[in-house]
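What follows is the residue order along each chain.
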Amino acid sequence: MTLPNPLHDNHRYIPNSTDDITEMLAAIGVDSVDRLFDSIPGDVKLDRLLEIPGPWSEIESRRWFRETAARNQTAVDHLSFLGGGAYAHSQPACVDQLLLRAEFLTSYTPYQPEVSQGTLQSIFEYQTHQCLLTGLDVANASLYDGSTALCEAVLLAERVAKNRHKVVIAKSVHPHYTETVRTYIQNLGYDVVEVGWTADGRVDTEALRAACTGDVFAVAIQSPNFLGVIEDYDAIAAVADAAGAVKIAVVAEATSLGILTPPGAHGFDVCVGEGQAWGVPAQFGGPYVGFMVVRDALKRHMPGRLVGETVDVDGRRAYVLTLATREQHIRRGKATSNICTNEALIALAANIYLSLMGKEGLREVGMQCLQKAAYLRKRLGDAASIVLPFRGPVYNEFVVRTPIPATEILADLEHGKILGGIPLAPFFPDQPNDFLVAVTELHAREHLDRFADALIAAVARERR
Amino acid sequence: MKTPAPSLIFEDSRPGRRGYKLPPLDVPEEHDLPESLLRGEIADEAEVSEVGVIRHFTRLSKLNVSIDAGLYPLGSCTMKHNPRINEEIARTPGFALSHPLQPDHQVQGNLEVLWQIEQALKEILGLPRVTLQPVAGAHGELTGILMIHKALAKSGNPRKYILIPDSAHGTNPASAAFAGYEIKELKSNARGTLDPQTLADAVTEDVAALMITVPNTLGVFENEIKTFAQILHDKGAYLYCDGANLNSFVGIARPGDMGIDVIHSNLHKTFSTPHGGGGPGAGPVGVSEKLVPHLPSPTVERREDGTFYLDFGHPESIGRMRAFNGNFNVLVRALTYIRSMGPQGLRRIAQLAVLNANYIRARLKGTYHLPYDAPTLHEVVFNDKNQTAHDVHTLDIAKRLMDYGFHPPTIYFPLIVSGALMIEPTESEPKEELDAFCDAMIEIARECEERPELVRSAPHTTPVRRLDEARAARSPVLRWKKG
């Protein structure tokens, strides 16, 4: 087959065309573009074009992708109560508008600080927000997401504790996070020990005490946990301290930090979590932003990039990537992490969101989530057919149990254009009738009433 | 004139200012949390108006250079044009508002996108399966090495070592170490490539894989790649390719046809998704047949009736590499790009990227020293040997380029080149931009001879000048504190 001649095959994203190519070839001193590929052996070269669709115009792309997106049933035209680690909060219009500024969107990792102060200062501000919110001392520039942030925290704890081989992770930590930890550490010789919950949905501290042997380097819990229940940080910290383990708190619903006492105030060493709730759409799971904040004493064990303040030769305040000797491009096989590219633009989104909401807004969002969830729980709790099985304190998410399998109830609600929750059975097979319901400031009272009425009616219908 | 340093958002704060509004609370102002669980105000958090926030971040943005403003020739980073249709498509509400834990029947559109991009990458890479879970190149490396470990462990011995050439990216040894291996570094030859004999001597029954970048970080194609595969496969070891430089041969040759067992592809490089100041990326990993059982779970599959589902039935999988479904909305952007390019366009990427790099090489050779003379593809690595006589070094040249309006190339990498200047223009640059860059480089070389102090003290025109990096590391200030 004849392959297209690069002299005449112009594309809108590739400026050089016939005359340019001819002149450049002459300057290089070769007679064809193909000659530039002589170093690739002929027997590995493709003698045909790739078999893929395209090239498409923008018109064709819009047509296909819009039709494809329209085949999803989403919060676009459904009333959604989905959470479980990805939450629908209000996204201030400013956030996305500012993200689209080319100077942020189309720049690289800020290796050259003189021409990257915008990105560097923004990361420094992001780090500051994380410290204020978690009550800890030092935050990094971002990690991939909440699950991999927990992996990095576990690896950090092992480096700090040295020569211990077990990590205790509460069973009420997001199951995807724990699965990811198991994947990450599978060849490193560490064991994961899971500890369950008591009837109130909080970590079973007696079981935790039993699990915390001298070989445990870290205890990781999530609050609010995957069941929505707020943990007793002090009780857990006391048990972990007795074993000399590093205390890791996971926060998967970041807006909770606006109103709940932060892990740093309870002596936790590390707080990691998922920053998606700060103004980032759920977008089927990513991109999100993982955060990590630690006590000052642990900063040199930190994975990933850190931005620090300094001055230039004229004495002007400026920012720069720092403590880089921890990182892979310097320390290579002995680095604190393999991470290079992180989630800078999503960290910028979080910074803009947190700056807009500010001291008062973060509190108001948190209180509205809390009070609206309390209202819905009260409405559901009044129905005889519905049980809220865990009585521990909750923020904006909680487990609902009915006499019917959750998947059937949720299918019923779906007919009424309600995405009613996340069934727990795929994570906890012994809870077939339970599902997670998340409430945010996006829900008006009428939405909550509609959901309560629909759920009560669905249970009645399915029971018949 | 010395411009003042911009304020931090926290310094812009004034009590009582607001940047948001929520609807009034429409449920009773009640909750049942004990006061002990509630925090007081978030001390020192910002209080800024919407106007203040917009101005603050707009002003910050103006302190950055970007690919939209001009050539950004960071070697190995592939700073190419980021088409805006990709951004528009990713913001389609049906994608943006979809939730990662929705059941398959509600997200058929998303699953088709994932399935389609896997089909495209399979064809581009010439490999039977591709996982879309990894969200960055290094994440892909870890995924790939974990799969190799799993496959070897299944056959009785996971082995001990990963071989890595001395020209490799730092993520390679770091990823291999986190996957449980020790690293053995292999020396490059005078061409900057790996000698088959060096590899053959190093491959023992204890070696799990070779991890190699193709073309390597000098831009030189490893023309013995099929021999490497043979040597490794004969000893039951694997060939891992760092696909950071796929941009140079996409559509021209396929990793699968070279005997490569695993390759990650940085979608934020070859497939145009924006770097965003350091992410998000995506690092899908293609694998050969024998590694397919070990792919991360779940995978996306298509039924005969054309519907799609997440398949969790992989008992030999390495497990899950991340919560949910990877960086879905980065994958949407990359698929949009692949469709926009089509088969001819993908091939043209490599052709023009290589032409542009060789044009720079031809124009600057002679002015700057070329430590390795082998033919190069998409990037060219010079060094400062001709300039050090005037006591001007790579760092100075890089900083001086900023005064000419260009982002510097990657510097001091690869490590096998002393004072490296690693230049990758990509296919996005028109000839006139390349000429302006080369003119600037030649002018700087002249300055090195005639006015070396001007270059040593550069940059002179940037928002800030050279920074005291030692001070930042010696007494780290990593957050703002109320003064």
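Residues numbered from 1 in each chain as written. Chains lettered and ligands numbered in written order. Predicted model: local features only at pLDDT ≥ 70, side-chain atom pairs only at ≥ 80, totals over all residues.

Attention now moves to the overall build of chain B. Each helix and strand in chain B was counted, giving 14 helices and 12 strands. A globule of 483 residues ought to have a C-alpha radius of gyration of about 23 Å, and chain B, at 25 Å, matches this closely. C-alpha atoms of chain B, sized along the principal axes, occupy 75 × 70 × 45 Å. Each of the 483 residues in chain B was classed as buried or not, and the buried ones make up 60%. Counting contacts in chain B only where the partners sit at least 6 residues apart, residues at least 24 apart contribute 72% of the total. (Helix = DSSP H or I, 4+ residues; strand = E, 2+ residues; numbered from the N terminus. Rg over C-alpha atoms; globule rule 2.2 N^0.38 Å. Buried ≥ 20, exposed ≤ 12 C-beta atoms within 10 Å, placed from the backbone. Contact = placed C-beta atoms within 7 Å.)

Residues and elements named next belong to chain A. Of all hydrophobic cores here, the largest spans 313 residues; its most connected members are Ala220 and Val270. Among the elements that take part in this core, helix H11 (residues 344-381) stands out by supplying 21 residues, more than any other. Dropping the residues within four chain positions of it, Ala220 is found in contact with Leu150, Ala153, Val154, Val167, Ile169, Ala170, Val173, Ile248 and Val250. (Core = buried A, V, L, I, M, F, W, Y, C linked by C-beta atoms within 7 Å.)

With that settled, the discussion passes to the interface of chain B and chain A. On the chain A side, the residues contacting the 174 residues of chain B number 163 residues. Of all the elements, helix H9 (residues 328-364) of chain B adds the most residues to the side of chain B that touches chain A, at 23 residues. Counted by class, the side of chain B that touches chain A contains 90 nonpolar, 48 polar and 36 charged residues. (Nonpolar A, V, L, I, M, F, W, Y, C, P; charged D, E, K, R; others polar.)

Let us now look at helix H13 (residues 445-463) of chain A. Residue and element names in this part refer to chain A. Taking 1.5 Å of rise per residue, 19 residues should cover 27 Å, and H13 covers 27 Å from first to last C-alpha, within 8% of that figure. Looking only at H13, the buried set comprises Leu448, Phe451, Ala452, Leu455, Ala458 and Val459. Down the axis of H13, the sector holding all buried residues measures 135°, keeping them to one side. Structural note: H13 exposes Glu446, Ala460 and Arg461 on the side pointing more than 90 degrees away from its buried face. For H13, the elements touching its buried residues are strand S1 (79-80), H11, helix H12 (406-415) and strand S12 (418-419). (Expected span 1.5 Å × (residues − 1). Arc of directions from axis to C-beta.)

Now for the packing of helix H11 (residues 394-403) of chain B against helix H12 (residues 431-450) of chain B. Residue and element names in this part refer to chain B. At their nearest, the axes of H11 and H12 sit 10 Å apart, and the two run at 125° to each other. Between H11 and H12, the angle falls in the class oblique. Judged by the sense of rotation from one axis to the other, the crossing of H11 with H12 is right-handed. Along the contact surface, H11 presents Ile397, Arg400 and Leu401, while H12 presents Ala440, Ile444 and Glu447. By residue class, the composition of the contact of H11 with H12 is 4 nonpolar, no polar and 2 charged. (Axes fitted to C-alpha atoms, helices over the stretch in contact; angles between N-to-C directions. Parallel < 35°, antiparallel > 145°, perpendicular 65-115°, else oblique. Left-handed = near helix turned anticlockwise from the far one by under 90°.)

Residues and elements named next belong to chain A. Most of strand S7 (residues 270-274) is tucked away, with 5 of its 5 residues classed as buried. Here S7 shows no split at all, with Val270, Val272 and Glu274 on one side and Cys271 and Gly273 on the other all buried. In the sheet, strand S6 (residues 246-251) pairs with S7 via 4 bridges, with the strands oriented parallel. Each residue of the ladder has a partner; that of Ala249, found in S7, is Cys271. Across 5 bridges, the pairing between S7 and strand S8 (residues 290-294) is antiparallel. (Pairing = 2+ DSSP bridges.)

With that out of the way, let us pick up the sheet that holds strand S5 (residues 238-242) of chain B. All names here are of chain B. One open sheet accounts for 7 strands, arranged S1-S7-S6-S5-S4-S2-S3; its pairing is mixed. In this open sheet, the two edge strands, each paired with only one partner strand, are strand S1 (129-131) and strand S3 (182-186). Neighbour-to-neighbour, the strand axes of this sheet turn through a mean angle of 25°, independent of strand direction. Relative to strand S6 (residues 262-264), S5 runs parallel, the two being bridged by 3 bridges. Residue pairing for S6: Cys241 is matched across the bridge by Ile263. In the packing of helix H5 (residues 137-154) onto the sheet, contacts are made with S1, strand S2 (161-165), strand S4 (207-213), S5, S6 and strand S7 (285-287), and the angle to S6 comes to roughly 165°. Helix-sheet contacts for helix H6 (residues 171-178) involve S2, S3, S4 and S5, and the interaxial angle to S2 is about 175°.

Moving on: the domain arrangement of chain A. Per the domain assignment, the segments making up chain A are domain 1 (1-51), domain 2 (79-89 + 359-463) and domain 3 (93-353). Computed from C-alpha coordinates alone, the two centres of domain 1 of chain A and domain 3 of chain A are separated by 46 Å. (Domains from an automatic or database assignment.)

What follows is about the sheet that holds S7(A). Residues and elements named next belong to chain A. Overall, mixed pairing links the 7 strands, which are arranged S2-S8-S7-S6-S5-S3-S4 in an open sheet. In the strand order of this sheet, the two ends are held by strand S2 (138-139) and strand S4 (191-195), each with one partner. The pairing of strand S3 (residues 166-170) with strand S5 (residues 216-222) spans 4 bridges and is parallel. Bridging across to S5, Val167 finds its partner in Ala218.

A separate point is the packing of H11(A) against H13(A). Residue and element names in this part refer to chain A. Look at H11 against H13: their axes get within 10 Å of each other, and the N-to-C directions meet at 25°. Considering the angle they form, H11 stands roughly parallel to H13. Judged by the sense of rotation from one axis to the other, the crossing of H11 with H13 is right-handed. Contact with H11, carried on its side by Lys372, Tyr375, Leu376, Arg379 and Leu380, involves Leu448, Phe451, Ala452 and Leu455 of H13 and no other residues of that element. Taken together, the residues that form the contact of H11 with H13 break down as 7 nonpolar, no polar and 2 charged.

Residues and elements named next belong to chain A. Topologically, Leu380 is positioned in helix H11. A count of 21 C-beta atoms within 10 Å places Leu380 in the buried class. On a C-alpha basis, the gap between Leu380 and Ile456 in space is 7.8 Å, while along the polypeptide they are 76 residues apart. When residues no more than four places from it in sequence are discounted, the contact partners of Leu380 are Ile386, Leu388, Val400, Ala452 and Leu455.

For the rest of this paragraph, the subject is the environment of B:Val477. Counting through the fold element by element, B:Val477 comes out in the segment after helix H14 (469-474). Leaving out residues up to four positions away in the same chain, B:Val477 has contacts with A:Gly308 and A:Glu309.

With that settled, the discussion passes to H12(A). All names here are of chain A. Listed as buried for H12 are Ala406, Ile409, Leu410 and Leu413. For H12, the buried positions fall inside an angular range of 95° around the axis, keeping them on one side. The inward-facing, buried residues of H12 contact S12, strand S13 (422-423), strand S14 (434-438) and H13. One or two residues past the end of H12 sits Lys417, with phi positive at roughly 60°.

All names here are of chain A. The buried fraction of S6 is high, at 6 of 6 residues. The alternating pattern of S6 places Val246, Ile248 and Val250 and Lys247, Ala249 and Val251 on opposite faces, both of which are buried. Strand direction decides the pairing type here: S5 and S6, joined by 5 bridges, are parallel. Bridge pairing in S6 places Val219 opposite Lys247.

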